[in-house]
Each structure stands twice: as C-alpha cells, then as structure tokens.
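Examining the three-dimensional arrangement
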Amino acid sequence: HSCDNALQYNTLINKNYGVILGGSYPYPSDSNWVVHNNFQNNTNHAIAVPAFGSNSWDYGSKGNYWDNWTTPDGNGDGIVDIPYTIYTTTNVDNYPVTTPY
C-alpha cells in the first residue's frame with residue numbers, strides 16, 4: 001500500500017498500467033495525490049484497489065490528461081465536462097484536462 005504521496009507532472013505512456021494504487025484491509029493506498037499527469041497509450045491508465053482507499057486525482061481545478069477522455073468540453077475551458085472514474089473505485093478525477101501538460 002502507499003499513503004501520503006504525490007505523483008505530479010509525469011507522462012505515463014505505453015504501459016500495461018500507468019498507475020496502480022493497491023493495498024488490502026486495513027491498509028489501503030490512501031491520501032495520495034495523482035495530479036497534472038499525462039496518461040497516454042496505456043492498456044489501463046489507472047487502477048485503485050480496494051475501493052475503500054481515498055486518493056485525490058485533481059486539485060479542485062485541473063486534474064490529469066487521459067488520452068481516452070478528452071471530450072466533451074462544452075464551454076471551451078480545457079476541462080472535460082464529465083469526470084474520469086478510476087477503475088474499480090469511487091476515486092474520480094473531477095477535472096480531467098483536454099490536452100497534455
């Protein structure tokens with residue numbers, strides 16, 4: 001498990017998994033910040049298990065770039081209008097960006 005870390009300003013490209021946050025009860029990966037990264041051409045961009053860990057995928061304004069999640073951006077602010085849900089969890093990037101950092 002991994003706790004209280006920050007993964008920022010990276011390009012995670014051509015991997016089977018871009019990021020894996022794992023762990024088991026009672027020690028989940030928890031309280032990590034995964035923000036302002038580029039997830040490109042990965043088989044699985046991110047996975048967080050189990051579902052009871054809580055991690056942050058945005059700073060409340062801009063999150064990560066996910067190459068498979070770039071539209072819609074109805075108001076043209078560079079943020080996708082639909083949050084990106086991290087696989088297997090309720091962890092969400094609420095502000096995925098439309099272009100890489």
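These remarks concern the structure in this document. (Residues numbered from 1 in each chain as written. Predicted model: local features only at pLDDT ≥ 70, side-chain atom pairs only at ≥ 80, totals over all residues. Heavy atoms only, no water.)

**Looking at the sheet that holds strand 2 (residues 11-13)**
Reading across the sheet, the three strands line up as 2-5-7 and stay open at both edges, with parallel pairing between neighbours. Looking along the sheet, the strands with just one partner apiece sit at the ends: strand 2 and strand 7 (65-66). Summarising the sheet, strand 2 and strand 5 (residues 38-40) pair through three bridges and their orientation is parallel. Counterpart to T11 in the pairing with strand 5 is N38. (Pairing = 2+ DSSP bridges. Helix = DSSP H or I, 4+ residues; strand = E, 2+ residues; numbered from the N terminus.)

**A few points about the environment of Y27**
With respect to the element layout, Y27 can be found in the loop between strand 3 (17-21) and strand 4 (33-35). Overall, the relative accessible area of 52% leaves Y27 in the exposed class. Measuring from C-alpha to C-alpha, the distance between Y27 and W66 comes to 28 Å, with 39 residues separating the pair along the chain. (Buried < 20%, exposed > 50% of the residue type's maximum accessible area, 1.4 Å probe, protein only.)

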